[in-house]
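Commentary on secondary and tertiary structure
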Amino acid sequence: MRKGNCAARLVIAFFCAVLSCSSLQAAEIVSVETSNSRIQTVLGSSVIPYKEVTLSAQIPGVLKYFAGEVGSSYQQGAVLTQVDEAQLVAKRNAVLAQIQNAQSLLQSAQAQYQREIISPRSRDIGAMPGFGMPAMMDNFITRPMADMMLNNYDSDMGRYSDLVTSASGVSQARGSLQQAYSQLQEIDAALLNAKGIAPFEGVILQKMAEVGDTVQVGQPLLRYGFVKYKRLQADVPASLMSQVTMGMVVPVKINRGVETMAKVSQIYPVADAEHHTVTVKFDLPVDVVAAPGMYAEIYLSNPQTTDEPVVMIPRTALLSGRSLPSVLVVENGSSSLRLVRLGAEYGNKVEIISGLKPGMKIMDNPPSRAVSGWMPDAQ
């Protein structure tokens, strides 16, 4: 029985060695090829929603309501977040009391003004003093004598002064009432700002707070976007902008798998002064399966006319499982890892924009775990 097990193990080891040798033999050293194909530039981009907003806290307080989790869909006008408004409600009640007091003062001031117009105080015979004489005698004798002889009293001026005082009381009462109404409007606006309302139909893209968090004015609460339609956003080098026009259609590849076409929908009017790039947005077809945040590649023609050959390598020469495209360059009997910039693909060939030169030696079909110094002969 033991002899059978040993024989089986030897057979398995033999086949493993054969497979290992075959995989090593698959790796070979090839030369970098050239082609006369037109150069295309590949731009890295990402999928973004058709439109997106960030809802922030408009008043300080404790977050007491959050509509749902990431990916939840809502219609326009739905309440997405709400901050506790108990303090604002208390202030609103106090302002309502001020409005009632201001209304009472306004009514009293208006009544005094109407009384002054109909029954002036300056002609009230019951309120006129005068040398112990009855009020009527004072009104008919004493006051006319003061007007004519002493010249120190003007009844018309007295009435005008009383009218101005009454009218001023009415104006002040109206101002107090208007001020109270303004405070009420301010509090009502703050109560509306306590709620985060969905500005359009969409989904929650990211939550930045949870129920119970104490938030401050301007603190982001969530990202909300319209994802029924999607876009690509890329920073296009200024040298390629002559090839980009509104409405043009370019080939794109999403998540290194889905190939489709995209239309230029927006070109920013200002370039980035530091990187010398222009932000461009591309509309994707409605039926494309893509999610915001996915990586995408955009293929643009290079407007530079040159007689230099285009560098081409086999697709299998690229090291798999790497975040950046790289190859193994063979020089002086050893290999070294080198990053390359990819261009357009032509069947099983891929264009190299930078990183390699014609005639250089590279490793084709290298193992995924190959590093600098790896050579097939050393295994």
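That block above? That's the structure.
Below is a summary of the structure that appears in this document. None of the values given here were measured: they were computed from a predicted structure.

Let's shift gears to the pairing of strand E4 (residues 61-66). In summary, the side chains of a regular strand alternate between the two faces of the sheet. Taken together, the 2 bridges between E4 and strand E9 (residues 214-215) define a ladder with antiparallel strand orientation. Opposite Val62, over in E9, you have Thr214 as the bridge partner. Where E4 meets strand E6 (residues 79-83), 3 bridges bridge the pair, whose relative direction is antiparallel. In the sheet register, Leu63 faces E6, and the bridge partner there is Val83.

This part covers a nonpolar patch on the surface. A contiguous nonpolar surface patch, about 280 Å² in accessible area, is contributed by Tyr50, Tyr229 and Val286. Position of Tyr229 relative to the elements: it lies in strand E10 (residues 220-237). Overall, the relative accessible area of 33% leaves Tyr229 in the partly exposed class.

On the basis of which strands lie adjacent, the open sheet formed by 4 strands has the order E1-E20-E16-E17 and antiparallel pairing. Looking at the sheet topology across the chains shown, the edges are occupied by strand E1 (28-31) and strand E17 (334-339). Neighbour-to-neighbour, the strand axes of this sheet turn through a mean angle of 45 degrees, independent of strand direction.

What follows concerns the sheet that holds E4. Sheet architecture is open: 4 strands sit in the order E7-E6-E4-E9, paired in antiparallel fashion. Edge positions in the sheet fall to strand E7 (195-197) and E9, since each of these pairs with one other strand and no more. Relative to E7, E6 runs antiparallel, the two sharing 3 bridges. If you follow Val79 over to E7, its bridge partner there is Ile197.

On to helix H2 (residues 86-118). With 33 residues, H2 should cover 48 Å at 1.5 Å per step; its first-to-last C-alpha distance of 49 Å lies within 8% of that length. Where H2 is concerned, the buried positions are Leu88, Val95, Ile99, Ala102, Leu106, Ala109 and Glu116.

Attention now goes to the layout of surface pockets. The space that makes up the second largest pocket amounts to roughly 250 Å³. Taken together, 12 residues make up the lining of the second largest pocket; nearest its centre are Val42, Leu43, Gly44, Tyr295 and Arg341. Of all the secondary structure elements, the ones that give two or more residues to the lining of the second largest pocket are strand E3 (40-56), strand E14 (295-301) and strand E18 (341-346). Of the residues forming the lining of the second largest pocket, the biggest block, 3 residues, is contributed by E3. Of the residues belonging to the lining of the second largest pocket, the class tally is 6 nonpolar, 2 polar and 4 charged.

A few words now on the nonpolar core. In this structure, Leu80 and Tyr224 are the most contacted members of the largest nonpolar core, which totals 32 residues. If we skip the residues at most four places from it in the chain, Leu80 touches Leu55, Tyr65, Phe66, Ala67, Tyr74, Gly196, Ala198, Leu222 and Tyr224. The next biggest cluster of nonpolar side chains, apart from the first, holds 22 residues, and it includes Met241, Val250, Ala262 and Leu284.

On to the packing of aromatic side chains, then. Inspection of every chain in the model, using the stated rule, returns 4 aromatic pairs. Measuring from centroid to centroid gives 6.4 Å for Tyr50 and Phe226, while their planes differ by 75 degrees, and the two rings are edge-to-face. Of this pair, Tyr50 sits in strand E3 while Phe226 sits in strand E10; the two residues are 176 residues apart in sequence, bridging distant segments of the chain. Between the aromatic rings of Tyr50 and Tyr229, the centroid separation amounts to 5.9 Å while the plane-to-plane angle is 75 degrees, which identifies the pairing as edge-to-face. Taken together, the residues Tyr50 in strand E3 and Tyr229 in strand E10 connect sequence positions 179 residues apart. Through pairs of rings, three or more aromatic residues link up here, namely Tyr50, Phe226 and Tyr229. Sitting above the plane of the Tyr50 ring, Arg231 keeps its charged end 4.4 Å from the centroid.

Looking now at the pattern of salt bridges. Enumeration over the complete set of coordinates arrives at 8 salt bridges. Between Glu33 and Lys349 there is a salt bridge, and its shortest N-O distance comes to 3.1 Å. Note that Glu33 is positioned in strand E2 (residues 33-35) and Lys349 in strand E19 (residues 349-354), a separation of 316 residues in sequence. With relative accessibility at 37%, the residue Glu33 sits in the partly exposed group. Ionic contacts of the salt-bridge type, sharing partners, join the residues Glu69, Lys207 and Glu210 into one network.

Before going further, it helps to spend a moment on the side chain of Thr81. Mapping Thr81 onto the fold places it in strand E6. In this structure Thr81 touches Leu63, Tyr65, Phe66, Ala194, Lys195, Gly196, Leu221 and Leu222, once residues within four positions along its chain are discounted.

What follows is about the pairing of E10. Two strands pair when backbone bridges link them, and strand E8 (residues 202-207) and E10 are joined in this way by 4 bridges, in the antiparallel orientation. By the bridge assignment for E10, Ile204 is matched with Tyr224. Alignment of E10 against strand E13 (residues 277-283), held across 7 bridges, turns out to be antiparallel. Within the sheet, the bridge partner assigned to Pro237 lies in E13 and is Thr277.

Cut-offs applied
Residues numbered from 1 in each chain as written. Predicted model: local features only at pLDDT ≥ 70, side-chain atom pairs only at ≥ 80, totals over all residues. Heavy atoms only, no water. Pairing = 2+ DSSP bridges. Helix = DSSP H or I, 4+ residues; strand = E, 2+ residues; numbered from the N terminus. Patch = residues over 30% accessible without salt bridge, like charges linked within 9 Å, V, L, I, M, F, W, Y side chains within 5 Å. Areas by Shrake-Rupley, 256 points an atom, 1.4 Å probe, with all protein chains shown as cover. Salt bridge = Lys/Arg side-chain N within 4 Å of Asp/Glu carboxyl O. Buried < 20%, exposed > 50% of the residue type's maximum accessible area, 1.4 Å probe, protein only. Axes fitted to C-alpha atoms, helices over the stretch in contact; angles between N-to-C directions. Expected span 1.5 Å × (residues − 1). 1 Å grid on protein atoms, 1.4 Å probe; cavity = no way out; pocket = protein on both sides within 12 Å on 5 of 7 lines; lining within 4 Å. Points joined across faces, edges and corners; volume = space filled by probe spheres on them. Nonpolar A, V, L, I, M, F, W, Y, C, P; charged D, E, K, R; others polar. Core = buried A, V, L, I, M, F, W, Y, C linked by side-chain atoms within 4.5 Å. Contact = heavy atoms within 4.5 Å. Phe/Tyr/Trp six-rings, centres within 6.5 Å; stacked < 30°, edge-to-face > 60°. Lys NZ or Arg CZ within 6 Å of the ring centre and 35° of its normal.

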